[in-house]
Amino acid sequence: MAKIDINAAGQSHLLIGNEAIARGALEAGIGFASAYPGTPSSEIIGSLAEVAKKQNIYVEWSVNEAVALEAAAAASYAGLRSLAAMKMNGLNVASDFLATIALSGIGKKGLVLMVGDDPAAHSSSNEEDSRAVSKWLDIPMVEPGDFQEAKDMMKWLFELSEEIGSICILRSVTRVAHARGNVRLGELPVTQHRARFDNILDPRNTMPTSIMTLPAPLRHAFQHMKLDKARARFEESSFNRYAGPEKADLLVITCGSGWLYAQDAVNALKLESRVGILKLGTIWPLPESLVKKCLARADKVLFLEEIDPFLEGAIMEYASSLSLESRKNIFYGKHTRHVNAFGELTPDAVIKAIAGVLDIKYEARDAEYAKKVGAVPQDHVMERMLTFCPGCPHRASYWAIKNALMMDGRGGFVTGDIGCYSMALGPAGFFMNRTHQCMGAGSGLANGFGQLWRFGFDQPVIAVSGDSTFYHSIMPALVNGVHNRANFVLVIFDNSATAMTGFQPHPGTELTAMGEPAHLINMEAICRAIGARVEVCDPFDLESTTATLLDLLEQDKGARVAIMRRTCELVRGKTEKQPYKVKLDPGKCLGDSCGCNRLCSRVFRCPALVWDPVSGKTRIDEVICSGCGVCSDVCPVGAISREEALSA
Amino acid sequence: MKKLYKDPVNLIVSGVGGQGNVIVSLVLGNALVAGGYFITIGETYGASQRGGSVMSHVKISAEKQFSPLIAEGQADIIVGMEPVETLRMLKQFGNMKVITIVNPRPIHAVDLIGSGAGAYPDVQKLLQQVKSLSAKTYLVHATDEAQKMGNAMLANMILIGALLKTGLLPLDAPALEPVIREMFPGSVADNARALKAGMELVSVLT
C-alpha cells in the first residue's frame, strides 16, 4: 500500500482512489476516522491506520458501520474533523443514525461520510445506488470523477460540512475507488487536535437553543436551509465543468467514472466538435442554474451514470419546471434503454450509447480480425469458476458440513452469509449454502426455520458466519435463537481475520487498527454466556469435525454453536512455511478405475489437484499447493501423503 | 520524457487469481508515474485470490488521465501470465496490431469435469492461436525460470523483464530499480536477477 503521508506537496504519485480519499482527509487535518471494512471502501481506513500514530490521529475498525458513524460524529461534536467510511451495505446498517444526525446537525468541526458503491457487484451481494440517500435524507453529496478529484473533494467537503453545519457524503464507485491513477499531492497541515464537548450555542445554527432540542419538523426545515447553502456553493464549484463546443449536437451529463468513459468515447468516435460533456462533481442538491445553462447548449441530452438514473430523474424533473420555451430537450439514458439501469458502465456501453443517440456506426475492430476471433474453438478458453484458495480452511469446513448433513440424512441445509464463504453457493463449497443476502441474514433466517417444527418442518438447519460477521451482526440473532429456543446450529468460521476485505482486525483479534494491543472478545465465552452449547473444532481434522457437527445436529433442540478455527491461509502463508510436503503416489492412485469418481480433483476441487488426462491419474501442481495436507484424508485409497516439511 | 509510440498505450496484464497480476501493473505504473506519465489502472475484482481469470488494464499517456478500462479490440500490448488467459484477452481486446508476450505455463481450472468443459487445451495449439491473433508474439518461460530461481512468484518480474526488452515502453532496468527497492525491500537482489533473466530469455515465437 502506498504511503499516504508523504510530505511532498506538488509531487505526483500513483494512488488507488481510496488512498487518494484518505490523503485528502489527511490534507484536511482530520483527527478521527472509523469504519467497518467493505469493498470498495476498505483501503481508506486501512491506509489511514498505517500512518495514524505518526500523524497523531485516531483510526479504528469499528464493530459495524452504525458504531463507526456514531463514533465519528462524537469526534465532530468534540471539535475534531472526522470521517466514517463504509460500503453501500454499511450505509444501510448506519442509516438510522444517519437519518437523525442529518437533522440534529454536527459539532464545530466537519463530519464526512464516505460511501463506496459497487456497480456490477464485483464484491457484493446486491447493486445499490447510495446517491438516493442524499435526496431521501437531505444530505449534501459529491462524487469524484478521477483520482485527483478523490483527494481534492475530500478536503473541500470538510470545509463545506463546517460551513453549513451538516454531515456531508462523498460517494465513490469501484472504478474510481479501486482504480489507480495520478494524484498530485497537496500540503499536509500540522494540526494540534484538542477535544472538548461543550453544549454551547453554535452560531451557524442561529437558533436560541441547541438545535437538538427543537421539534423534528423545525430541524427538518433547518436542514433544507443548509441544503440551499450547499446548492449555492455547488453552483460555483470547479468540480462541475462543461467541456465541448458552444452549441453541441449532443450534451452528455455524467458523473463519477462515467466522466472518463465519456471522454474516451467522444475521442474514439472523433466527436469532439459535436458532443459536449457536463460533468457534475456535486450530486445533490442539484446546481440548477448551471444545469439550466448547459441544457441550452444542445437539444439532445444523454445521461451516463452508474447504476440508477439519479441525475437523469432529478434533471428531467427540474427541466419540467422550466418555462415552455426553454423546454426543448429530448432526454436519453436509462429510461430510453440507451444505457442499462443495472450492472456497471463500460467503455463499450458508453460508446454504444453515444453512437446510438447520434445514429453513428462504430466497429470495434475490422471484420477480418473479428472472423479470426470467431474461429477460436470455444474449448480453448474454458471458464474458470471462482474457488477457495489452496489451503483455505473453508473448503475443509464445508467438506465436513456436507458429510455431516449427508450422514444425518434429514435433508438439512445451510443458510448463508457474507464473506469468502459465500462461494459455498457454488461448487467451491459443494453448493451447501442455500440462501445469500446480507451480513447476519443466515442466522436470522435460521431463527425462523428453527421455529417451524410446529408446522411439520423436520430438516436440520446450519447458519454460517465469519468471525468478523459474528461480532458485526450475528450476536443479536444468537440471543434471539437461544431465548426463543429456535432449533439451529450456528457454525462460525473463525479464521482470525476479516479475510475477504483484506485481513482487517476485528474484536476477536489481538491488535487494533493502529497496531496497539486490543482487548480480545472471546467468542466462545459470549456464546456460552448467551446459553448455547459450544464446540470448537479444527476443520483440517475432517473426521472429528464431521463427528462433532453430526452430534450437534442430532441434539436437535435450541441454538447450538460450532466454532471452526483455522487461520486464513493467506494470513498464515505470510509468516509461516508450508506445514506439509504433499505428494501423490501415481502407483497408488487408481484413476478412473478407483470408483471414487475423481473425488479429489472433481469434487473436493482444490486448485492444486489437477487431473492429468495423459496418465489418467491426479497430480499435484506444486506451484499452487500450499501444503495443508487435507486432501490426504479425502483420497479413499491413501494415494496422497503428507510429510512434515523440514523447517527451513 | 520519451515519446510513446502511440498515445495512450493500452496494456493488459492477464492471468489467474493468485499469480500476482496486480504486482506487474503496479511495478510498471509506479515507474511510469515517476517518469512523468499519466497512468490509469483498472482491474478485475472478487476473483483476485481465488482461481478466477484476472486482468489489469493499464493506460499510459503523456497527455492526460484516461478511463480505467480498455474498450473491445483496443489493446496495444498483452502480457499473458498464463496461455488460456492470454488467448481470452486477445479474443476480447485484440486487433491487427496487438503485440503479445506469453508465459506458456498452464494453470488448470478447478472444475473441468464438473462443468463439462473438458480438459486443459493443448498448449502448443493455444500458442498457435495466440500467434495468429497477434501482430508479433514473444515467448518467455517465466514460471519455469522462476522455479529454478527458487520462487514461482518471481515469474512476474521475469515477464516485466521480457516486456522491457521489447522496447515498447519508455522504461529500462535502471528506471525500475527504485520501484523494486520500494516495493520489495526484502528481495531486491532476487527481483533484479529475475528482471535481467526476463530480458535475456524472451524470444520471438515463430
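Predicted model, so just to flag it, every value in this text is computed and none were measured.

About the criteria used
- Residues numbered from 1 in each chain as written.
- Chains lettered and ligands numbered in written order.
- Predicted model: local features only at pLDDT ≥ 70, side-chain atom pairs only at ≥ 80, totals over all residues.
- Helix = DSSP H or I, 4+ residues; strand = E, 2+ residues; numbered from the N terminus.
- Rg over C-alpha atoms; globule rule 2.2 N^0.38 Å.
- Buried ≥ 20, exposed ≤ 12 C-beta atoms within 10 Å, placed from the backbone.
- Contact = placed C-beta atoms within 7 Å.
- Nonpolar A, V, L, I, M, F, W, Y, C, P; charged D, E, K, R; others polar.
- Pairing = 2+ DSSP bridges.
- Axes fitted to C-alpha atoms, helices over the stretch in contact; angles between N-to-C directions.
- Domains from an automatic or database assignment.
- Core = buried A, V, L, I, M, F, W, Y, C linked by C-beta atoms within 7 Å.

Trainee: Which residues make up the overall build of chain A, and what values go with them?
Mentor: Each helix and strand counted, chain A has 20 helices and 24 strands in total. Whereas a compact globule of 648 residues would reach a radius of gyration of roughly 26 Å, chain A reaches 28 Å, a difference of no more than 12%. Expressed as a percentage of the 648 residues in chain A, the buried residues total 52%. Partitioning the intrachain contacts of chain A with sequence separation of at least 6 by distance along the chain shows that 79% fall at a separation of at least 24.

Trainee: Kindly report on the interface of chain B and chain A, identifying the contributing residues and their values.
Mentor: Counting residues at the interface gives 53 residues for chain B and 50 residues for chain A. Looking at the side of chain B that touches chain A, the elements with two or more residues in it are α1 (21-34), β2 (38-43), α2 (83-93) and α3 (123-132) of chain B. Among the elements that line the side of chain B that touches chain A, the one with the most residues is β2 of chain B, at 6 residues. Grouping the constituent residues of the side of chain B that touches chain A by class yields 25 nonpolar, 22 polar and 6 charged.

Trainee: Account for unusual backbone geometry, naming residues and giving values.
Mentor: The step from tryptophan 284 of chain A to proline 285 of chain A runs through a cis peptide bond, and the omega angle for that step is 0°. For proline 285 of chain A, the location among the structural elements is in the loop between β12 (282-284) and α10 (288-295). Note that the residue after aspartate 7 of chain B, namely proline 8 of chain B, is joined by a cis bond; omega there is 0°. Phi angles above zero are rare outside glycine, and alanine 121 of chain A is one such case at about 45°. Owing to 16 C-beta atoms within 10 Å, alanine 121 of chain A belongs among the partly exposed residues under this scheme. Despite not being glycine, arginine 605 of chain A shows a phi value in the positive range, around 60°. Structurally, the position occupied by arginine 605 of chain A is in the loop between α20 (599-604) and β22 (609-612). Owing to 25 C-beta atoms within 10 Å, arginine 605 of chain A belongs among the buried residues under this scheme.

Trainee: Break down the sheet that holds strand β5 (residues 111-117) of chain A for me, with residues and values.
Mentor: Residues and elements named next belong to chain A. The sheet built from 7 strands is open, its strands ordered β3-β2-β4-β5-β7-β6-β12 with mixed pairing. The open sheet has two edge strands, β3 (58-61) and β12, and neither has a second partner. Where strand β2 (residues 32-35) meets β3, 4 bridges bridge the pair, whose relative direction is parallel. When the sheet's bridge partners are listed, alanine 33 is paired in β3 with valine 59. Taken strand by strand, helix α2 (residues 42-55) contacts β2, β3, β4 (82-87) and β5, and its axis lies near 135° from that of β3.

Trainee: How would you sum up the domain arrangement of chain A? Please name residues and give values.
Mentor: Residues and elements named next belong to chain A. Segmentation of chain A into domains returns domain 1 (12-235), domain 2 (241-358), domain 3 (393-572) and domain 4 (577-644). Centre-to-centre, using C-alpha coordinates, domain 1 lies 33 Å away from domain 3. With 17 residues of domain 1 at the interface, the matching set in domain 3 holds 18 residues. Listed by contribution, the elements that provide at least two residues to the side of domain 1 that touches domain 3 are α2 and β3. Counting residues per element, the side of domain 1 that touches domain 3 draws most heavily on α2, which supplies 6 residues. Classifying every residue of the side of domain 1 that touches domain 3 gives 8 nonpolar, 7 polar and 2 charged.

Trainee: Which residues make up the nonpolar core, and what values do they have?
Mentor: By size, the foremost hydrophobic cluster in this structure holds 256 residues, and its most contacted members are Ile158 and Leu159 of chain B. If one sorts the elements of this core by residue count, helix α6 (residues 147-164) of chain A sits on top with 9 residues. Not counting residues up to four positions away in its chain, the partners in contact with leucine 159 of chain B are Val24, Val79, Met81, Ile101, Asn103, Val140, Ala142 and Gly198 of chain B.

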